[in-house]
Protein chains: 2
Amino acid sequence: MVKKKNISIKEIAKLADVSVATVSRVINNNGRFSDKTKEKVETIIKEYGYTANIAAKSLRTSKSKTIGLIVPNIDNEWFSQLALDIENYFFKHNYSVFICNTSQNEEKEVAYFKSLDSKLVDGIICISGIETIPSDSLTRDIPIVCIDRKPKDHSNAYYVESNHYLGGYLATEELIQQGCKNIAIVSRNKSLSVNKQRLMGYRQALKDYQLQENKQLELLLDIEQANYEGAKEAINQLIKNNIPFDGVFATNDWRAYGVLVGLLENNVKVPDEVKIIGFDDIFISASSHPSLSTIKQNIPALTKTACSLLLDLMNDIAINDEKKQFILPVEVIRRDSTS
Amino acid sequence: MVKKKNISIKEIAKLADVSVATVSRVINNNGRFSDKTKEKVETIIKEYGYTANIAAKSLRTSKSKTIGLIVPNIDNEWFSQLALDIENYFFKHNYSVFICNTSQNEEKEVAYFKSLDSKLVDGIICISGIETIPSDSLTRDIPIVCIDRKPKDHSNAYYVESNHYLGGYLATEELIQQGCKNIAIVSRNKSLSVNKQRLMGYRQALKDYQLQENKQLELLLDIEQANYEGAKEAINQLIKNNIPFDGVFATNDWRAYGVLVGLLENNVKVPDEVKIIGFDDIFISASSHPSLSTIKQNIPALTKTACSLLLDLMNDIAINDEKKQFILPVEVIRRDSTS
DNA sequence: GTGAAAGCGCTAACAA
DNA sequence: TTGTTAGCGCTTTCAC
């Protein structure tokens, strides 16, 4: 494969019979050049298919037009949808994004922060994960925006999330309004802020509607169990133990789906005998049979808020520093599993 | 947030009372320095938390320790699993990966190639998509490895894929062996090489088992329809039109799941009345109710082959140039939908 | 409106 | 074993 050697600004300058400074000004539209020069330079750039060497540019400006995206697992529809949306946003604004999978591993997260730092990323978006951001692994003062991850107080990171508390409340309320009296919750036990808040919402709804809290119905799973399989297993256990329940709030859709399949396998009718509601509104909730009611997080709003915030911060556009957190509304999606 | 300014090699040199060249040698372990010097330098590096400026390094070496990953849609479990695996592999080898979502958009793909080029990526992995790689958007001669995307003959890209033809054959054979006589195929009409091959395998199996080919049972959907919804719709149509069938080969698992739900909604019993088999073995196939038989592609083998190949190419390790393509075996996973 | 030149942080050729 | 230095491609200050 014969390649045209990558042409540099110097060569453009020679070809256009101007100085490199002028070429640079034209490219970056920094003014102080004549229309004639502009045209001459741009013609040659087009002709030779010149593209800037980003390494040189970064070195010079300490900016890279690149951001880092820290994500627990891209192989999870919820996260991959966010990632896709974020990537699209920044593509439009001429940024590239490094996607960094931490696999929930703190060491890997630290390693990534260091790597992103040395690659001169202009900003970082952190999705979910632990509260403590390893920002001391950073040597430069770049903005950080968190999604669904409430940073420790002393951190200067911004964050945006859905109203998980309200979501938990609304989910539970939906079950109550559909007639459920014994409502189980299937969630994760780790004090990840989002799950905690959803649990709080659940408890508050029970209280408000004068339903008895029952610790036996709080199925809080370990991290390795907090998935489809684990939820299915937990529901099986509940049935085996003869603990009566007529509604289940699963704090994400995969767990809700696990609950559904667990019930179907035990020949429990959904929604007639037991109603189910999930959280997130990922694809499986709409497509399962019967379909699953859920709490919809507004992904476009979530990513738009986070991305434009980061963009502003990177470009030093004044942000009201008082407002470091953004809580977005959620919405009940009623489907077959609660009808 | 007070940040320690990023320290440079020059300052390390001053602190260690050696030259920058020596520091560079120590860092890159290029020999020609004493143990004493090494220790002195490394102490200071650790003490000051020095990390190399990758932009400078890239500029100097024309290498970036970064690869590009071109993927149609990261928000698709199949692709995100591949992406995750690839990312993990390269993380271990100290490479970062730019994930580039083309959304099946050729213009975006070209834009990404240019961007990756100017970011000096050392190599590119392309997953799926059209045959023509826009390698003329590249100014440097970097290696390209394709997964599930057979590059045009004149390209010098390598490629690795599963044996899709065999997969189509085995899927159809499984249905035949389970007693199906009228086997429909639900696939995508575009001549994407993988779908085409799966279709060929299907036709060959019918022929080998002396079953009549029936064009009415070849449901080849447009790109926007070639998903869960479209497959469900297509099966509804088939039922409405009273075209008899007792087996369905869907060329991916989401379509298989669409077929399943479509049948359930029409009160058709699976697998008693109609058997189904999918392709890919993504999560939904194992977790649906009833679970779906499928053709499993070996993701670890696929990514391992592609990644180590790319790594070798990037490091100029001799590759047998005759062998530019790698075809990996697939496997039937029998579950409830064909039992 | 334009050009000369310094310098971002690093590697590597060459000299010692 | 170590140091000096040029230069990767770019932006930006300063002079004209």
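Naming follows an unreviewed UniProt entry, where chain A appears as LacI family DNA-binding transcriptional regulator of Thomasclavelia ramosa.

Draft legend 1. Looking closely at the packing of helix H1 (residues 9-16) of chain A against helix H3 (residues 35-48) of chain A. Residue and element names in this part refer to chain A. Closest axis-to-axis distance for the H1/H3 pair is 9 Å, and the angle between their directions is 125 degrees. Taken together, H1 and H3 sit at an angle that is classed as oblique. The hand of the H1/H3 crossing is right-handed. Mapping the contact onto sequence places Ile12, Leu15 and Ala16 in H1 and Lys40, Val41, Ile44, Ile45 and Tyr48 in H3. Split into classes, the residues belonging to the contact of H1 with H3 amount to seven nonpolar, no polar and one charged.

Draft legend 2. Quick peek at the side chain of A:Lys119. Within the fold, A:Lys119 resides in the loop between helix H6 (106-118) and strand E3 (123-127). No salt bridge is formed by the buried A:Lys119; its nearest oppositely charged neighbour, B:Asp122, is found at 7.9 Å. Not counting residues up to four positions away in its chain, the partners in contact with A:Lys119 are A:Ser64, A:Phe98, B:Ile54, B:Ser64, B:Lys65, B:Thr66 and B:Ser96.

Draft legend 3. Local environment of the sheet that holds strand E7 (residues 218-221) of chain B. Residues and elements named next belong to chain B. Reading across from one edge, E7-E6-E8-E9 is the order of the four strands in this open sheet, with parallel pairing throughout. Only two strands of the sheet have a single partner each, and these edge strands are E7 and strand E9 (275-277). With direction set aside, neighbouring strand axes in the sheet form an average angle of 15 degrees. The pairing of strand E6 (residues 183-188) with strand E8 (residues 247-250) spans four bridges and is parallel. Bridging from a neighbouring strand, Val186 pairs with Ala250 of E8. Each of E6, E7 and E8 touches helix H8 (residues 193-208); the most contacted strand, E6, lies at about 170 degrees to it. With respect to the sheet, helix H9 (residues 228-240) is in contact with E6, E7 and E8, its orientation differing from that of E7 by roughly 145 degrees.

Draft legend 4. Representation of the environment of A:Ala286 within the structure. All names here are of chain A. Positionally, Ala286 belongs in helix H11 (residues 283-287). Residues Ala286 and Glu173, 113 residues apart in the sequence, show an inter-C-alpha distance of 20 Å. When residues no more than four places from it in sequence are discounted, the contact partners of Ala286 are Ser291 and Arg335.

Draft legend 5. Structural detail: the protein's contact with DNA strand D. In the vicinity of DNA strand D there are 27 residues, among which A:Ile9, A:Tyr50, A:Arg60, B:Arg25 and B:Ser34 approach most closely. The sugar and phosphate moieties of DNA strand D supply 54% of its atoms located within 4 Å of the protein. Here a phosphate oxygen of DNA strand D and a side-chain polar atom of A:Lys57 are 3.4 Å apart. Listing elements by their share of the surface near DNA strand D, those giving two or more residues are helix H2 (20-28) and helix H4 (54-61) of chain A together with helix H2 (20-28) and helix H4 (54-61) of chain B. Looking at the surface near DNA strand D, its residues break down into ten nonpolar, ten polar and seven charged.

Draft legend 6. Representation of the packing of aromatic side chains within the structure. Inspection of every chain in the model, using the stated rule, returns 17 aromatic pairs over all chains. Seen from their ring centres, A:Tyr89 and A:Phe90 are 5.3 Å apart, and the 75 degrees between their planes marks the pair as edge-to-face. Taken as a pair, A:Tyr89 and A:Phe90 share a single burial class, namely buried. Ring geometry for A:Trp254 versus A:Tyr257: centroids 5.9 Å apart, planes at 80 degrees, classification edge-to-face. One end of the pair is A:Trp254 and the other is A:Tyr257, both in helix H10 (residues 253-265) and three residues apart, which spans about a single turn. Residue A:Trp254 is classed as buried on the basis of its relative accessible area, which comes to 16%. Residue A:Tyr257 is classed as buried on the basis of its relative accessible area of 1%. Taken together, the ring pairs connect A:Tyr228, A:Trp254, A:Tyr257 and B:Phe283 into an aromatic cluster.

Draft legend 7. Up close: empty space enclosed by the protein. For the coordinates displayed, the defined rule picks out four cavities of 30 Å³ or more. Together, 15 residues line the largest cavity, and A:Ser58, A:Lys119, B:Ile54, B:Ser58 and B:Lys119 are the ones closest to its centre. At the level of elements, H4 of chain A together with H4 of chain B are the ones that each hand at least two residues to the lining of the largest cavity. In the lining of the largest cavity, the residues fall into seven nonpolar, six polar and two charged.

Draft legend 8. Molecular detail of the packing of H6(A) against helix H5 (residues 77-92) of chain B. Two numbers describe how H6(A) lies on H5(B): the axes approach to 13 Å, and their chain directions differ by 70 degrees. If you check the angle between H6(A) and H5(B), you find them roughly perpendicular. Where H6(A) approaches H5(B), its residues A:Lys108, A:Ala111 and A:Tyr112 are matched on the opposing element by B:Glu87, B:Asn88 and B:Phe91. Classifying every residue of the contact of H6(A) with H5(B) by side-chain character gives three nonpolar, one polar and two charged.

Conventions and cut-offs
- Residues numbered from 1 in each chain as written.
- Chains lettered and ligands numbered in written order.
- Predicted model: local features only at pLDDT ≥ 70, side-chain atom pairs only at ≥ 80, totals over all residues.
- Heavy atoms only, no water.
- Axes fitted to C-alpha atoms, helices over the stretch in contact; angles between N-to-C directions.
- Helix = DSSP H or I, 4+ residues; strand = E, 2+ residues; numbered from the N terminus.
- Parallel < 35°, antiparallel > 145°, perpendicular 65-115°, else oblique.
- Left-handed = near helix turned anticlockwise from the far one by under 90°.
- Contact = heavy atoms within 4.5 Å.
- Nonpolar A, V, L, I, M, F, W, Y, C, P; charged D, E, K, R; others polar.
- Buried < 20%, exposed > 50% of the residue type's maximum accessible area, 1.4 Å probe, protein only.
- Lys, Arg positive; Asp, Glu negative; His and termini not counted.
- Salt bridge = Lys/Arg side-chain N within 4 Å of Asp/Glu carboxyl O.
- Pairing = 2+ DSSP bridges.
- Near = heavy atom within 4 Å.
- Polar contact = N/O pair within 3.5 Å; in protein donor to acceptor, adjacent residues only side chain to side chain.
- Phe/Tyr/Trp six-rings, centres within 6.5 Å; stacked < 30°, edge-to-face > 60°.
- 1 Å grid on protein atoms, 1.4 Å probe; cavity = no way out; pocket = protein on both sides within 12 Å on 5 of 7 lines; lining within 4 Å.
- Points joined across faces, edges and corners; volume = space filled by probe spheres on them.

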